[in-house]
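Take a look at the letters that make up each chain.
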4 protein chains.
Amino acid sequence: MKAAVFYGTGDIRVEEVEKPKIKEGHVLVEVKACGICGTDMHIYSGGMGPSAVEPPTILGHEFAGRVVEIGDGVSDIDVGDNVAIDPNIYCGHCHYCRMGKVHLCENLKNIGVILNGGFAEYCLVPQSQAYKLPPNMPYEVGAMVEPLACCLHGTDLAQIKPGDSVVILGGGAIGLIHAQLARLAGASSIIISEPSQGRRQLAERLGFDMLIDPTGCDVKARVETLMRYGADVVIEAAGLAKTARQAFGLVKNGGTVLQFGVVDETAEIQLKPFEIYQKEIKWIGSFINPYTHARALELLAKGRIEVLPLITHRYSLDNMEVGLKPDKRGDRVKAMVII
Amino acid sequence: MKAAVFYGTGDIRVEEVEKPKIKEGHVLVEVKACGICGTDMHIYSGGMGPSAVEPPTILGHEFAGRVVEIGDGVSDIDVGDNVAIDPNIYCGHCHYCRMGKVHLCENLKNIGVILNGGFAEYCLVPQSQAYKLPPNMPYEVGAMVEPLACCLHGTDLAQIKPGDSVVILGGGAIGLIHAQLARLAGASSIIISEPSQGRRQLAERLGFDMLIDPTGCDVKARVETLMRYGADVVIEAAGLAKTARQAFGLVKNGGTVLQFGVVDETAEIQLKPFEIYQKEIKWIGSFINPYTHARALELLAKGRIEVLPLITHRYSLDNMEVGLKPDKRGDRVKAMVII
Amino acid sequence: MKAAVFYGTGDIRVEEVEKPKIKEGHVLVEVKACGICGTDMHIYSGGMGPSAVEPPTILGHEFAGRVVEIGDGVSDIDVGDNVAIDPNIYCGHCHYCRMGKVHLCENLKNIGVILNGGFAEYCLVPQSQAYKLPPNMPYEVGAMVEPLACCLHGTDLAQIKPGDSVVILGGGAIGLIHAQLARLAGASSIIISEPSQGRRQLAERLGFDMLIDPTGCDVKARVETLMRYGADVVIEAAGLAKTARQAFGLVKNGGTVLQFGVVDETAEIQLKPFEIYQKEIKWIGSFINPYTHARALELLAKGRIEVLPLITHRYSLDNMEVGLKPDKRGDRVKAMVII
Amino acid sequence: MKAAVFYGTGDIRVEEVEKPKIKEGHVLVEVKACGICGTDMHIYSGGMGPSAVEPPTILGHEFAGRVVEIGDGVSDIDVGDNVAIDPNIYCGHCHYCRMGKVHLCENLKNIGVILNGGFAEYCLVPQSQAYKLPPNMPYEVGAMVEPLACCLHGTDLAQIKPGDSVVILGGGAIGLIHAQLARLAGASSIIISEPSQGRRQLAERLGFDMLIDPTGCDVKARVETLMRYGADVVIEAAGLAKTARQAFGLVKNGGTVLQFGVVDETAEIQLKPFEIYQKEIKWIGSFINPYTHARALELLAKGRIEVLPLITHRYSLDNMEVGLKPDKRGDRVKAMVII
Ligand SMILES: NC(=O)c1ccc[n+]([C@@H]2O[C@H](COP(=O)([O-])OP(=O)(O)OC[C@H]3O[C@@H](n4cnc5c(N)ncnc54)[C@H](OP(=O)(O)O)[C@@H]3O)[C@@H](O)[C@H]2O)c1
Ligand SMILES: NC(=O)c1ccc[n+]([C@@H]2O[C@H](COP(=O)([O-])OP(=O)(O)OC[C@H]3O[C@@H](n4cnc5c(N)ncnc54)[C@H](OP(=O)(O)O)[C@@H]3O)[C@@H](O)[C@H]2O)c1
Ligand SMILES: NC(=O)c1ccc[n+]([C@@H]2O[C@H](COP(=O)([O-])OP(=O)(O)OC[C@H]3O[C@@H](n4cnc5c(N)ncnc54)[C@H](OP(=O)(O)O)[C@@H]3O)[C@@H](O)[C@H]2O)c1
Ligand SMILES: NC(=O)c1ccc[n+]([C@@H]2O[C@H](COP(=O)([O-])OP(=O)(O)OC[C@H]3O[C@@H](n4cnc5c(N)ncnc54)[C@H](OP(=O)(O)O)[C@@H]3O)[C@@H](O)[C@H]2O)c1
Ligand SMILES: [Zn+2]
Ligand SMILES: [Zn+2]
Ligand SMILES: [Zn+2]
Ligand SMILES: [Zn+2]
């Protein structure tokens, strides 16, 4: 089969590799669409040590496709079913797995990082990782289950309630999903702060009207005008140290800052413990997507979250490497590799 | 001033009474709109003992109006402000108040039940009970803050999450608010079971499409067709023993039945403790509206909940007694007394 | 190997069966102690249909032992390790597993019910089900991890807080573990209602001093004397319809009734929906023990829960059948089969 | 009456002032014991601007005494009752009060800071602020209800569960209360890090055996030896920037750092947003004590928390100023002014 194999920093080779053989309890998926995510770009650019990724390996962890073969012991899934993949395989016997905090698994094996992933014509996955798509759901939408499931985990942790005010820092694909989820969870005011005009316009088309350009204004002052006491929840979705710091100036007393963005590993921000205490603030990290794939799929199936408008670029497997180059990003929101 | 005074079962007299005098920490409200709720009808029909209501008294606890006088020590509210009223005054020093469960207050004094209420030209209320309305909010909408705040407390207790499935039993004013709140909290499937065709049509106009007529069908079978595992949350909003019982057949394993409806005090239902255990069901009562008025007002101000379509009947103070007679109900959803 | 094989209602045969063969990802455990639980007695007496148990099968799901062989791919566990077993194997791909509510798994396979269990010299278990015991922990204590884990799940659901008042209905092994857990969770007043004098005396030795004999008194009156407002949490741990009903008369407004006991499948109790609403009561079912084995083991390792005093009877494998006969129960609290 | 009046930084004068006159809804308390807390020392040393405290004023907010007069409308409390005081009076009508987050009240008036407090022979308090003591509870114990209520709020926020591991940074009065609360909430391992040998010995007498001297060792290494994965909850109770920073190195993935200590207002610490995300850490501020006084009193009444051993120094009103001087602190844990 054809696959885009990662050989090391800046080195992707589209080549012929052996098609995986079916195994007990597994299904063989003919990949149809696989999203490119920040993590893929990060790995490609050398941002992750060899401990995590051991090249040569096939990246791609946000994908959907068609089941073409099923192993012994597989029930509920048949050849011909369309499926979305949960790439995170938990060991089931480490300290964290046994506490139900599976996403903190000490032996986490993620498809598309540790195991071969979705930038290929076929991918072999355990049955438990494959979620059946409803009829008529486009593969591209199925490929968005994974990032939506991440955001849903964040929404759950942030405990947004009907009537809450929410600020989203960063209006990329993730920020725009978070904004939709905040609205879905009942937030009555939602501000998105995003420098790119194109992405702000997309936000507007998605129905958001409180949009801030952080480059052109005093964000704190603007938020205070729109939300007298600040926001019940601020979601850091830009992945920058400065927005992480900024969040603490925007949150209401008693409120929550959700650290969703993946900031540079070494970057530090300065915070006052006194403020955390006196304003009774919560700073909460959100990491991947335990137990949220089924609900994410349900939200897409019922049309309660829109992801197609976020997909601005599509690549074939042959030229997918373009999608991994940060400098080529421009006005892209979400890129899909169509296989 | 003119007021509709309750003198005992079936005895309302619209008469001239003394206008209340302003007091320290209080505001005098010129009532503009006051909703008629099931509790008012219940009291009028003799369904509540003299311990709770001591006639002669002025009923009406869902109201909004204009502030015409403020007492000493009142800050934040001025003459001319429009306000919605939280009728429930908590003592602040009983066991429950001190635990933060103020709505279970042992000395609860509710305006419109124990204290004179809103079926009158004027009503005197402590400043803490008056919530400023945003400009342009109709008084009728303001009068709906109280029932919405009740439902919001129920939504909070039921912990509806994005992607959940919800069944509402009863599509009266309360059921239709709950349906909107469930949607607002992210529920992806919402079934309303309601016998009256008129109310089902109203539900449809509000955007709900999974409507069941419980008289014409096997509700459990219909729910199972629409929601394979049953509902994450079932909200009893009909106030009947039979719907309370029915709820347990519709809820998903691990799910929640919210007892929101006020069933006849003596009615009992039969339940199997084995089922509660094995299906790990939660049955949760929801009583009035602690700490939810501000969020309810916010949701109305931002147009996230629609209440005007629910108001199907309007009465003047002079003929408001009609609105209290259960047999005159017909296709009414919500009735307002306009003063 | 020798095993006590269940052949059908009232028919246990201690016989020689084939020793299980090691498999990939599994460990072979030489069973040392296996508790007899209500479920075992229930199955033995014919209380469960053939759908659940398919004889001939080896019962016993509360056990600990020594690892004598490990399969390929097993890490973290070695030959010679002592282990306690989590008998509940979740499928990982059903609706409930995917929501993180694994214990409601549609394909639950429990060792000792569906799969061969601990009333035998050896038992083969997947590595994920085996929890390493700390040095010096007696096997009997290890065999109590499973029931303690069930109770801990109940404690979590009941959300007992420091300073709460708790009533436990039933002072058998489970009630006495719940009482200790309630104390451990900070409850400041704990009442145990238990008819057997012997079990009340055991409760006293465990440090509980608010003991009620329900046969000799008006339980509600006694609880009201000891806890003015009733209990924040009432735990039904007798497994009877009458105690389930009784719980609702003992719970404080705003409080929780935990349905922990396994009441006869067909028994019904009469409850007033009005009371659930007006007192804002929660009735919460608690089913088995998802994600609580590690914490249960930790509590035993640190001596924070005492289980040895609960073990009043010990049987050899050969005469373990006595332990399964309900009529032979007498003053037994917990029985262990020592192998 | 005699009172210790605060006239400004470093200026306390014990003088004769007018005894407060009884008012409607208030009780006059003859103060018997009033604790000295860090806030008092902070104000005395000039650490708080004039906005908060307007001298001349009587400080002291941790006190208990005897009711000698009651105003009109006071129920439940009689002359002769012993009471502990909740010093924090919430306005009831600001944004935060209306959300049930009363402790974040915009118009908070605290007795002993804004209003005259307990370093005097008498203090006038609203009935809602006075909690009746059980017979035989020493006044000194009653004076500890307030700080215990603060810590209990922190325990609630930290959500310590049975079986959790907890690290307390700082073994002063607050740290030693937190350690007891953690044990009460079921923590199975509790480490206290405290430089003073005297306070570590006191911790030992209170039953804690995992004690660290942070000056003499690598705290992180020690914690990792004692708790393999780090602590589920780390409580910062030293009030220092360096311990706040340190906490993040000690917490388990998925765990919580509780910011309880009041660090210097301007001090900043450096944190990595990446770590918050990847380890899914929560940093939670805890501010004063909403709704926790009743439970705190209950825990003291039932002897579940010991506070008498913490009271190492006692002063008369005349020489209480000594207790306010930070440099005179030495081996003091908690100081009481006995009046
Ligand atoms: N927690 C999880 O489990 C999880 C899962 C998936 C992704 N993530 C993380 O979520 C973050 C967002 O992902 P993404 O795919 O949406 O990335 P993205 O497309 O790079 O979006 C980030 C957006 O933030 C904007 N931005 C830059 N500076 C800003 C500022 N000062 N204020 C506000 N916005 C600013 C960027 O605009 P410009 O492009 O114009 O600079 C960009 O539009 C990433 O860090 C990603 O790694 C986390
Ligand atoms: N918990 C609280 O704090 C709180 C606050 C406010 C109200 N409530 C209670 O909430 C309940 C609903 O209030 P509401 O004002 O909406 O009352 P409502 O107008 O009487 O609505 C009840 C609806 O239930 C319908 N119904 C009757 N039988 C039914 C069945 N078998 N299945 C499904 N629906 C059925 C009724 O239809 P028909 O008219 O055709 O019979 C009616 O439309 C009442 O019990 C009220 O007291 C509770
Ligand atoms: N939820 C779960 O996951 C789970 C897990 C394990 C066990 N369980 C269930 O928990 C229950 C208790 O288990 P167990 O092993 O402790 O059973 P047990 O030994 O039979 O204990 C029940 C106790 O309740 C007492 N009792 C009888 N009538 C009573 C009354 N009116 N008021 C108060 N107490 C009364 C019994 O006394 P006498 O013997 O004198 O009648 C007995 O001591 C069982 O139903 C069991 O199936 C549930
Ligand atoms: N959140 C709230 O509502 C609330 C309420 C009350 C109090 N507080 C705060 O809680 C904190 C503790 O109060 P407290 O009365 O117990 O104060 P304290 O008596 O000053 O206790 C602090 C302890 O921390 C010790 N310490 C110093 N350096 C340390 C280090 N590197 N590692 C570990 N411990 C260290 C101190 O030891 P040495 O004396 O030897 O330096 C002292 O024993 C204060 O900041 C106080 O303001 C907060
Ligand atoms: Zn794991
Ligand atoms: Zn009260
Ligand atoms: Zn399953
Ligand atoms: Zn306030």
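The name given to chain A in an unreviewed UniProt entry is Alcohol dehydrogenase GroES domain protein, and the organism recorded there is Mahella australiensis.

The 12 strands are arranged E13(B)-E12(B)-E11(B)-E14(B)-E15(B)-E17(B)-E17(C)-E15(C)-E14(C)-E11(C)-E12(C)-E13(C) in an open sheet whose pairing can be described as mixed. This sheet does not close on itself; its edge strands, each paired only once, are strand E13 (210-212) of chain B together with strand E13 (210-212) of chain C. The average angle at which neighbouring strand axes cross in this sheet is 15°, direction not considered. In terms of strand pairing, strand E17 (residues 282-285) of chain B meets strand E17 (residues 282-285) of chain C through three bridges, oriented antiparallel. Bridged to B:Ile284 within E17(C) is C:Lys282. Along the sheet face, helix H5 (residues 173-184) of chain C touches strand E11 (165-169), strand E12 (189-193), strand E14 (231-236) and strand E15 (251-259) of chain C and points at about 175° away from the line of E12(C).

Looking now at the coordination of the zinc ion (ligand 6). All names here are of chain B. The coordination sphere of the zinc ion (ligand 6) contains the protein donors Cys91 (SG), Cys94 (SG), Cys97 (SG) and Cys105 (SG), at a distance range of 2.3 to 2.5 Å. For the zinc ion (ligand 6), the four donor atoms in the first shell make angles of 103 to 117° at the metal, so the coordination geometry reads as tetrahedral. A relative accessible area of 3% places Cys94 in the buried class.

Turning our eyes to something else, we now look at the sheet that holds strand E4 (residues 57-58) of chain B. Residue and element names in this part refer to chain B. Spatially, three strands are ordered E2-E1-E4 in an open sheet, and the strand pairing comes out antiparallel. Two strands lie at the open edges of the sheet, namely strand E2 (11-16) and E4, each paired on one side alone. In this structure, strand E1 (residues 2-8) lies alongside E2, joined through six bridges in antiparallel fashion. Of the residues in E2, the one forming a bridge with Gly8 is Asp11.

Another point: the packing of helix H4 (residues 145-158) of chain D against helix H5 (residues 173-184) of chain D. Helices that pack against each other are described as a pair by the angle of their axes relative to one another and the distance between those axes. All names here are of chain D. It is the contact of H4 with H5, at a shortest axis distance of 10 Å, that shows an interaxial angle of 50°. The angle between H4 and H5 falls in the class oblique. Seen along the crossing, H4 lies across H5 with a hand that is right-handed. Contact residues: Pro147, Leu148, Cys151, Leu152, Gly154 and Thr155 in H4; Ile174, Ile177, His178 and Leu181 in H5. Split into classes, the residues belonging to the contact of H4 with H5 amount to seven nonpolar, three polar and no charged.

With that settled, the discussion passes to the coordination of the zinc ion (ligand 5). Residues and elements named next belong to chain A. Each protein donor to the zinc ion (ligand 5) is listed here as Cys91 (SG), Cys94 (SG), Cys97 (SG) and Cys105 (SG); together their distances run 2.2 to 2.4 Å. Angles of 102 to 116° at the metal separate the four donor atoms of the zinc ion (ligand 5), which places the site in the tetrahedral class. Every donor residue of the zinc ion (ligand 5) comes from the same chain, spaced as C-x2-C-x2-C-x7-C. Of this pair, Cys91 sits in the loop between strand E7 (88-89) and helix H2 (95-98) while Cys105 sits in the loop between H2 and strand E8 (109-110); the two residues are 14 residues apart in sequence, bridging distant segments of the chain.

Rules of the game
- Numbering of residues starts from 1 in every chain and runs along the sequence as written.
- Written order decides the labels, with chains lettered from A and ligands numbered from 1.
- Restriction of local features to residues with pLDDT of at least 70 applies here, the model being predicted, together with a cutoff of 80 or more for giving and counting side-chain atom pairs; totals for whole chains, interfaces and linings are based on all residues.
- Processing note: side-chain calculations cover all non-hydrogen atoms of the structure and skip hydrogens and water entirely.
- Note: two strands are recorded as paired if DSSP finds a minimum of 2 bridges between them.
- Secondary structure counts use DSSP, requiring at least four H or I residues in a row for a helix and at least two E residues in a row for a strand, with both numbered from the N terminus.
- In this analysis, axes come from line fits to C-alpha atoms, helices being fitted only over the stretch in contact, and the angle between any two N-to-C directions falls in the range 0 to 180 degrees.
- Contact definition: two residues touch when any of their heavy atoms are within 4.5 Å.
- Distances decide who is a donor: an N, O or S atom must be within 2.8 Å of the metal, or within 3.2 Å for Na, K and Ca. Water is not included, so sites may look incomplete.
- A site with four donors is called tetrahedral when every donor-metal-donor angle falls between 85 and 135 degrees; four donors are called square planar, and six octahedral, when opposite donors sit more than 155 degrees apart and all other angles fall between 65 and 115; any other arrangement is irregular.
- Per-residue accessibility, obtained with a 1.4 Å probe over protein chains only, is compared with the maximum for each type, and a residue is labelled buried under 20%, exposed over 50%, and partly exposed between these values.
- With respect to orientation, any angle under 35 degrees is reported as roughly parallel, any angle over 145 as roughly antiparallel, any angle of 65 to 115 as roughly perpendicular, and every other angle as oblique.
- Take the far helix as the reference: if the near one is turned anticlockwise from it by less than a right angle, the crossing is left-handed, and if turned clockwise, right-handed.
- Under the convention adopted here, Pro, Cys and the residues Ala, Val, Leu, Ile, Met, Phe, Trp and Tyr are nonpolar, Asp, Glu, Lys and Arg are charged, and Gly plus all remaining residues are polar.

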